[in-house]
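Chains, contacts and geometry: an overview
Here's the letter readout for the chains.
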Amino acid sequence: MRTITSSGGKVETVTVRRTESSDAHAINSLISPATVAVFGRVNVIHLLEKANLAVTLSNAKNEVLAHAAFSDHPIGDIVDQACWEPFLHDNYSAEKYTPLNTLFLHLFVAQPIFSIGSAKEIGRMAHNNVWNEVNGMVSNMETMCLIPFHLFHSNHYYDDWRFCYRVEDHDDLTHIFAEQTKALTGSYGTYFLAELIEAQDDENHAAVCENEGTAVGFISVSGDINLKLLNECFELGPFNGLYKPSPEDLTETAPEPEGEGTPGDTNTISPQGSTGEVQYEMNLTQKDPCPKSKINDTVSQACAAKPQGSELTLKPRVSVTPNAFCIQLFEKVTSITFMKPISLFLPQDRDFCIISVPKLAPEFPLLQSFLRVVPHHTSSLPQELYIFHRSGLLKTFVVSLAVSADRPAVCDMVKRLSLHESLLEDLDMFYQAHRDKDGTPLQAFVAQVQNQLVGIVIIRNEEDIDYIRANYNIENFIYFSHHRYEEHGQLCHFALNPIFQHYAKHFLKEVLRLAHKSCLYYPIYPSYHNQKNSCAHYLTSVLNCMVPVRPRRQIVYPLEELGINAPSKQITKDQVSYALNHINRKLTMEPKVTINARIVVVGASDTGLAFLEVLAFCPHLRFNNMTLISTHGFPGYYTNEKMRFLSMSHSSSDRDHAQMSLRSWINVVTGKMVGIDRAAKHVLVSGGRKVPYDHLILCTGQQYQVSCPTGVDGSHLPPKSQLPAQPRRRYTGPVPSNLFTLNDHHDCVTAYQWLLNNFVELKGNAIVYGNTIDVYTCVETLLCLDVQGYRIHLVHLPTTEGSSCSPRSCFSNPTVEKAMKKALEKSGVHVHHNCLLAQMNDGQNPEPITSLSFTSDSQPLRLECSVFMNLSSKGVDYDAFKTINDACLVYDGRLVIDTTFHTNDSTIRAAGPLTKFARRYLADQWSHSSFNSREVGQELAAALLPFFDPTLEPAVNSPADLDRLIPIYTQAKIQGGRLPGGYSYLHATKPEQRPSAGREILTGRIETGNYFHLHLNQYGMVETITCLSLKPFPVSNYLCLYGKHELLLNRLCSRYDEGLVHDLYSYFREKWCLAIYHDRFADFEQEMHQIMESTKVQDHNDVSISELVQRMVDEKLDIIEEPNVFLKKVFETSGGLASLKTSTLNYLRYNRYHLTMYAQPGLLIIQL
């Protein structure tokens, strides 16, 4: 918050923020004839779409006081946007204006009394968004001339840096550290500042910035660094370990750059991506970037770095010379341009400046110009390391179209890159024809510093933009109608010397300007797909500049029924799925908030993956340290549907994983959690690896456990009372090679391969043991593998009272149970009920299993066995339980949490079936296992985000008893899969303990394979969906029916009662319902609700429709007519109906590319 003063002396508190599209109406109201005379007629929405920086001042009432829009090229047709720099130099003698330091003002409006104060605040913010000195220019549309101006002058505040030697400097500097004094003295003692000043020598220096004799800034640096420790903890190999390279390491020296300056050392830089798989080598002869002239820059806020402790004490190495110095402490140094004058006081023989900051500390502006060093996976240091090269201060970063003479330099730069042949191949095609093999236009741009090539970008026209718009939420970032098709491009290759990594966004901004593009897209293909352009994925820096785009749920169209009314093939075509990343002109100057906190998720469950997805897809946040610990790594994909032994929750599919590419944003540790050290804050993984954390999320869920035989001799069946009292004991012996306990993709693939090699074509029985739906999907998979039914034995456990794992309760529908019974009988599968595993191999060595003995309520059962598929009972994994228990986390049958997911450790949260609510809530019947796991994971992320997202604020003044109520989630609990008989099965139901009153809608029969059942509650809302069909059906479409009112479903109840609905499968394939399946229909519904709430009834004291309905319910309103008739008349006369119609047409028009089957005003309808 800042204050501005009007011309009349009125003081107004204002917020300076980025402009939003919702501000357009208020901005339009501020445009005057004088504004039009200077800037011409302006389409505000279009301007906001294309401007690089748009700033708005608003007061406490959120009223817009002023607005300014800047772009990287002049307004109007004065000059082509790619050619303005030589135009300025030739016509205005403006050599100092470069794309790196110049923005053009395309619009400025303000309330007249606040125009001067608003201009100052907008200039300040514009400067803060461009770390270099910012110049501005106004294009006058009447005179067609350019008027230059400085947006902000910082030399007014900071004039001179000098060494800090004087004793009195201590007293002069104390006021600078006033805000951090308590923290600093607590960590480093009362006299930390005096000690820093006194400790100066050849390795340690301190400098103070003065303005008119007053100290206004301070920095302390040291060359005394423990480089051995840093190399052990961070990936410093690309930087030669921060040591001076030996002469034999320098394979090539670039020519000395032109211009004045003292040449420095030639350094070999080999940066690598986070995967550590690729490197490239570059040579840069640096020029001294620090002339002794004053530098004009600004200060935005105070920042302090934690001084380096004794752990960074140098252990001299005689054979190697250090090439780095570290910043120990600084204050009021917020921009990298301050390093220019400061570097005069720093060690001149060292090229790298490093700084370490606590992982939980927010990233301050200075670090935006530093490169974060990737830590080793074995590092346990609680700090992040940032690095900056002296040559990064050079301002001659020039982007231009690639020419053939650049090819040798490009080859040398990328020669060590993985798949560099693809880059060079595309570059050659650009040189030859400016097109790729498919005829798509190509463009290549290079970045040069001091006439030396340091980067290259190759883009192509995005020819698939309709598919992108239809399949990805790109309209979260742009208004599609304001971008021409030729303005969309695809990023094919990106390589940039890490010394100039802080120029990456500027590089992309210049590419957009020179290529006349407004948007760039970067696809990441899954690892199993061989795509040459995926070679760009080695450089994670480009991902940090872009935003991930969420995929959109697609309608499954009945294309044959739609005919010519179906969407275009460009939208409905089936192609390889990929994750999409995006950048546009607006985003090139949109900073991201960096979060270095170590967030560790244990368990690749639906809950854990949903949690990570929410964090990864926050476009304004960049999480650098998200880690997933999973027994078998990241969930794999099924190359063959015959591998699906388990049922599906329909939380996410292989296509969804490919379109999100979570692996691009998280580190995956393959292993099992075997310990938690709460004091040291690390997780111990099998194999001995320690994974440190700041926030630990436990989402291990529950798994099928290896069945432990009771040990009862089946030849002498005892009475039930003599059976072991605790049949669910933990199995501690060796697991037989032909016993498979299936829990995830890895287990299914392993079982599939074993069955093909050792069972399918041989003789012997398969025993499937359990009561859940998974035993039925497993039997169906065995049948699909051509295992004869008579070789399969399905053994059900005894049903205990209140158990949720019984043959009947797993379906919750007697018709489905009947269908399964008939299907198993028809296929010849043997079914055994109420059997409890007693012995393996008659109590002898179980390797391998040849026979299984069961006890039952009748005769004992002994079966020959070649493979045992164990799906008997789920529980918390023993290693997880032991880890939780040893860590002294409260465990009461399951891990105990509160309503905000906290355990008894504030840094450890948990969610999913692993957990239960504390007993104080008196809700033992409810747990996360009762709800949709994906929804639980999303709510978990929502609970954690306020700690990181500055745009969110934690709830304040919450009711004291709020924590007494457990959260109730609303999304459907879903299960489905392939069942015996070839049935496709889907069951989605409301998470509740008891079925609610209502009515049933049912069509089809199991004999005909078209069974469809809906349960509607007493209010007519769909609460349960059950589908059992011999034909595949669109699951994603049918899940959209959940929670919808029957009136919305084309008056389903009345049509059903009239005998007009004979088959729900056909009914929900009709054209009218396709809009309901659209992914934006929920937004449309919300808009409808808002219209209903805002519509006022003039004849009833201007109350809203909802309030009028409430009066009728409370019998406070006397009406003669039927309530429905009365409300319809009132709504029509209030004007709400017209608003609803307009909104409906807008919804159909805006989503026309998906909903082509709906007629709209202005369309010619031909009846055939």
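Rules used in this analysis
Residues numbered from 1 in each chain as written. Predicted model: local features only at pLDDT ≥ 70, side-chain atom pairs only at ≥ 80, totals over all residues. Heavy atoms only, no water. Pairing = 2+ DSSP bridges. Helix = DSSP H or I, 4+ residues; strand = E, 2+ residues; numbered from the N terminus. Axes fitted to C-alpha atoms, helices over the stretch in contact; angles between N-to-C directions. Contact = heavy atoms within 4.5 Å. Buried < 20%, exposed > 50% of the residue type's maximum accessible area, 1.4 Å probe, protein only. Salt bridge = Lys/Arg side-chain N within 4 Å of Asp/Glu carboxyl O.

Per an unreviewed UniProt entry, the recorded name for the protein chain is Cilia and flagella associated protein 61, and the organism is Oncorhynchus kisutch.

1. Description of the sheet that holds strand β40 (residues 861-864)
Through backbone hydrogen bonds, the strands of a sheet pair up, either in parallel or in antiparallel fashion. Across the sheet, three strands lie side by side as β38-β39-β40; this open sheet has antiparallel pairing. Strands at the two margins of the open sheet, each flanked by one partner only, are β38 (835-840) and β40. In this sheet, neighbouring strand axes are inclined to one another by 30° on average, regardless of whether the strands run parallel or antiparallel. Sheet topology places strand β39 (residues 851-856) next to β40; four bridges connect them, and they run antiparallel. Residue pairing across strands places Leu-852 opposite Leu-863, the latter belonging to β40.

2. Quick look at unusual backbone geometry
Between Glu-847 and Pro-848 the backbone carries a cis peptide bond, its omega angle lying at -15°. Positionally, Pro-848 belongs in the loop between β38 and β39. In this structure, Asn-62 takes a positive phi of about 65° despite not being glycine. Structurally, Asn-62 can be placed in the loop between β3 (53-59) and β4 (64-71).

3. Some remarks on the sheet that holds strand β34 (residues 739-741)
With respect to topology, five strands assemble into an open sheet ordered β34-β41-β35-β36-β37, the strand pairing being parallel. Of all strands in the sheet, those bounded by a partner on one side alone are β34 and β37 (830-832). Neighbour to neighbour, the strand axes of the sheet diverge by 20° on average, direction disregarded. Bridge count for strand β35 (residues 766-770) against strand β36 (residues 792-795) is four bridges, and the pairing is parallel. Considered in β36, the bridge of Tyr-769 is made with Val-795. Most of the contacts of helix α20 (residues 745-758) go to β34, to which it runs at about 155°, and overall it touches β34 and β41 (867-871).

4. Structural notes on the pairing of strand β50 (residues 1022-1029)
Consecutive side chains along a regular strand alternate between the two faces of the sheet. When you tally the buried positions in β50, you get eight out of eight residues, the bulk of the element. Looking at chain direction, strand β47 (residues 983-989) and β50 are connected through six bridges and run antiparallel. Each residue of the ladder has a partner; that of Leu-986, found in β50, is Cys-1027. Sheet topology places strand β49 (residues 1010-1017) next to β50; seven bridges connect them, and they run antiparallel. Looking at the pairing, Asn-1010 lines up with Ser-1029 of β50. The turn joining β49 and β50, which pair antiparallel and follow one another in sequence, is formed by four residues; a positive phi near 85° is taken by Gly-1020.

5. Regarding the environment of Pro-99
Its place among the elements puts Pro-99 in the loop between α4 (84-92) and β5 (102-110). When its relative accessible area of 12% is taken as the criterion, Pro-99 is described as buried. Through-space distance from the C-alpha of Pro-99 to that of His-506 is 8.7 Å; in sequence the pair is 407 residues apart. Setting aside its immediate chain neighbours within four residues, Pro-99 contacts Trp-84, Glu-85, His-506, Lys-509, Glu-510 and Arg-513.

6. Quick notes on the pattern of salt bridges
Between side chains of opposite charge, a pair can form when the charged atoms approach closely. Here the structure, examined in full by the defined rule, presents 40 salt bridges. For Lys-1044, the salt bridge is made with Glu-1085, and the minimal N-O distance between the two is 3.9 Å. One end of the pair, Lys-1044, is in the loop between α25 (1035-1039) and α26 (1052-1057); the other, Glu-1085, is in helix α28 (residues 1081-1094), with 41 residues separating them in the sequence. What makes Lys-1044 buried here is its relative accessible area of 11%. Salt bridges sharing common partners tie together Lys-50, Arg-484, Glu-486 and Glu-487.

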